[in-house]
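# Fold and contact review
In case you want the letters, here they are:
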Amino acid sequence: MVYSSEGSYAVMGFYVISGYVITLALTSHYFKYDGGFGHFWLNRFLRLYPTYAFCALLGFVVIAAFPEIAENVNFRMLRPESSAGAEALADRGISPALWPLFYIQQVVLISQVTPFEFRSPIQFAPTAWSVNMELYYYLVLSLGVTASFANARKFLKIAITFIVIYLAMLALHEFKLVRLDWGRPFLSTTPHTVFYRTFLGITVFFALGAYTFHLRKLRVEPIQRLVITALILLIPWIGIPGYFGRTFGYLAFGIGITFVIRMWSDNQPQGWLRFLGDMSYPLFLVHWPIAVAVTAITGLEKNSAAFLLVAGTVSVIAAAILVVTLENPIAKLRQRVRAKNPKAR
């Protein structure tokens, strides 16, 4: 609900964890039988889409009810046929006459991030762009790109090679020796968005996670494990100076998360810890629509302490309700899909 550079680090960590978890699921289960590819995608659909659809619908409702407040809370929360929506489309060089396509975009989800228009100017659930990004990498990983240690290592090497070349070109761009403006929006020309907003950069983090799956677990004493994890989680607040400071900070945090995974991967959360983990996805999606509703009902100033307290509390409650009423019932269906194990290869 308020922009935070630390929050962008969390997205990078999330991509590393996702690369690990998806490679784990594919390698340990779905790649082991005929039909696993289809079952994987059905399971992913059931995991991601129902909650997204609810949050996008809620976003549409609050945008329709409070259009000016919605735009003030998040500038992407617009109705595409409105004057503000038409202006946002025109600013991106998109004909306002194409506004119906942006309703379709909110339904299908998968077109909210593309190499040609990195992020849609209109989003009913603004954080869904990263879920869209996840889907592209699910496709890459489900094709077996990281199924073996050799493949995962090759994928990581390729990703690192491209990002090193990219960073070198950025340095030359900074000194006006080359120009990268021709590559927008697929190529970022600001270092701190290299990993956060470009496909080349994000690939590094998925590749790190996938590669980590094939590495041996780290055996560390519990106290040492807690201390190391705490130090890694402090990286976003350290602040690395220099032109590439944020870029190297993202990379350091992503590598740090691989160590966290290797230290904690044998620990399965149970009870309330598991429930908190289950809440993370609906909370991630629902907090913007909730922020609009809270602003409209209470009149609290955006990003004030009172606003953050009320909107944050309501968002957590809404996420918990979504887990109990929507995600848990669907999880039982997902388990049946996952349990299917046709003729083994």
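Placed above this text is the structure.
All values derive from a computational prediction rather than experimental measurement.

### Focus on the overall build of the chain
- Of regular secondary structure, the chain possesses 13 helices and zero strands.
- Its helices and strands taken in sequence order, the chain reads α-α-α-α-α-α-α-α-α-α-α-α-α from the N to the C terminus.
- In terms of overall size, the chain behaves like a compact globule, its C-alpha atoms giving a radius of gyration of 21 Å where 345 residues would be expected to give roughly 20 Å.
- Along the longest, intermediate and shortest principal axes, the C-alpha atoms of the chain span 55 × 55 × 45 Å.
- Looking at the chain residue by residue over its 345 residues, the buried ones come to 46%.
- Taking contacts inside the chain between residues at least 6 apart in sequence as the whole, the part at least 24 apart equals 72%.
- Carbon and sulfur atoms make up 69% of the accessible area of the chain, which totals about 17200 Å².
- In the chain, which carries 29 positive and 16 negative side-chain charges, the distance between the mean positions of the two groups comes to 14 Å.

### Some remarks on the environment of Thr 127
- Counting through the fold element by element, Thr 127 comes out in the loop between α5 (99–108) and α6 (128–142).
- Thr 127 sits 94 residues away from Tyr 33 along the chain, and the two C-alpha atoms are 34 Å apart.
- Aside from chain neighbours lying at most four places away, what touches Thr 127 is Phe 284, Leu 285, His 287 and Trp 288.
- A polar side-chain atom of Thr 127 sits 2.8 Å from the main-chain carbonyl oxygen of Phe 284.

### Considering a negative patch on the surface
- Taken together, the side chains of Glu 68, Glu 71, Glu 87 and Asp 91 make up a negatively charged region of the molecular surface.
- Breaking the negative patch down by element, the ones donating at least two residues are α3 (67–73) and α4 (83–91).
- For Glu 87, the location among the structural elements is in helix α4.

### Focus on unusual backbone geometry
- Look at Leu 109: it is not a glycine, yet its phi comes out positive at around 70°.
- Looking at where Leu 109 falls in the secondary structure, it is placed in the loop between α5 and α6.
- The residue Asn 303 is not glycine, and still its phi comes out positive at about 70°.
- Along the chain, Asn 303 falls in the loop between α12 (271–298) and α13 (305–339).
- Assessed through its relative accessible area of 31%, Asn 303 is described here as partly exposed.

### Some points on helix α2 (residues 36–65)
- In this model α2 runs 43 Å from its N-terminal to its C-terminal C-alpha over 30 residues, within 8% of the 44 Å that 1.5 Å per residue would give.
- Roughly 30° is the biggest bend found in α2, and it falls at Tyr 49, with proline Pro 50 one to four residues downstream.

### Some points on a nonpolar patch on the surface
- Together, Ile 165, Met 169, Leu 172, Phe 175, Leu 177, Val 178 and Trp 182 give the surface a local cluster of nonpolar side chains, amounting to about 740 Å² of exposed area.
- Mapped onto the secondary structure, Leu 177 falls in the loop between α7 (149–174) and α8 (199–213).

### Observations regarding the environment of Pro 121
- Secondary-structure assignment places Pro 121 in the loop between α5 and α6.
- For the pair Pro 121 and Pro 50, spaced 71 residues apart in sequence, the C-alpha separation works out to 23 Å.
- Once you skip the residues sitting within four places of it in the chain, Pro 121 turns out to touch Phe 75, Arg 76, Leu 78, Ala 88, Leu 89, Arg 92 and Phe 102.

### Points about the packing of aromatic side chains
- For the coordinates displayed, the defined rule picks out 19 aromatic pairs.
- Considering the side-chain rings of Phe 40 and Trp 41, the 5.6 Å spacing of their centres and the 80° angle between planes classify their relative orientation as edge-to-face.
- For Phe 40, a relative accessible area of 2% corresponds to the buried category.
- Under the relative-accessibility criterion, Trp 41 is labelled partly exposed at 23%.
- With 6.0 Å between their ring centres and 80° between their planes, Trp 99 and Tyr 103 make a pair best called edge-to-face. A residue pair is termed a helical-turn pair when its members lie 3 or 4 positions apart in one helix, as Trp 99 and Tyr 103 do in helix α5 at four residues.
- Classification of Trp 99 by relative accessible area gives partly exposed; the value is 34%.
- Each member of the aromatic cluster is reached from another via a ring pair, and the members are Phe 14, Tyr 15, Tyr 137 and Phe 206.
- Across the ring face of Trp 264, the terminal group of Arg 225 is positioned such that the distance to the ring centre comes to 4.3 Å.

### A closer look at the pattern of salt bridges
- What the rule picks out here adds up to two salt bridges.
- Across the pair Glu 327 and Arg 47 runs a salt bridge, and its minimum N-O distance is 3.2 Å. Highlighted residues: Glu 327 in helix α13 and Arg 47 in helix α2, separated in sequence by 280 residues. Per residue, the accessibility class of Glu 327 equals that of Arg 47, and both read buried.
- Measuring nitrogen to oxygen at the nearest pair gives 2.7 Å for the salt bridge that ties Arg 79 to Glu 81.
- Given the relative accessible area of 31%, Arg 79 is considered partly exposed.
- Note on Glu 81: relative accessible area 29%, which makes it partly exposed.

Calculation rules
Residues numbered from 1 in each chain as written. Predicted model: local features only at pLDDT ≥ 70, side-chain atom pairs only at ≥ 80, totals over all residues. Heavy atoms only, no water. Helix = DSSP H or I, 4+ residues; strand = E, 2+ residues; numbered from the N terminus. Rg over C-alpha atoms; globule rule 2.2 N^0.38 Å. Buried < 20%, exposed > 50% of the residue type's maximum accessible area, 1.4 Å probe, protein only. Contact = heavy atoms within 4.5 Å. Areas by Shrake-Rupley, 256 points an atom, 1.4 Å probe, with all protein chains shown as cover. Lys, Arg positive; Asp, Glu negative; His and termini not counted. Charge placed at Lys NZ, Arg CZ, Asp CG, Glu CD. Polar contact = N/O pair within 3.5 Å; in protein donor to acceptor, adjacent residues only side chain to side chain. Patch = residues over 30% accessible without salt bridge, like charges linked within 9 Å, V, L, I, M, F, W, Y side chains within 5 Å. Salt bridge = Lys/Arg side-chain N within 4 Å of Asp/Glu carboxyl O. Expected span 1.5 Å × (residues − 1). Bend = angle between axes of the 7 residues up to and from the residue. Phe/Tyr/Trp six-rings, centres within 6.5 Å; stacked < 30°, edge-to-face > 60°. Lys NZ or Arg CZ within 6 Å of the ring centre and 35° of its normal.

On their own, these measurements won't tell you what the molecule is for.
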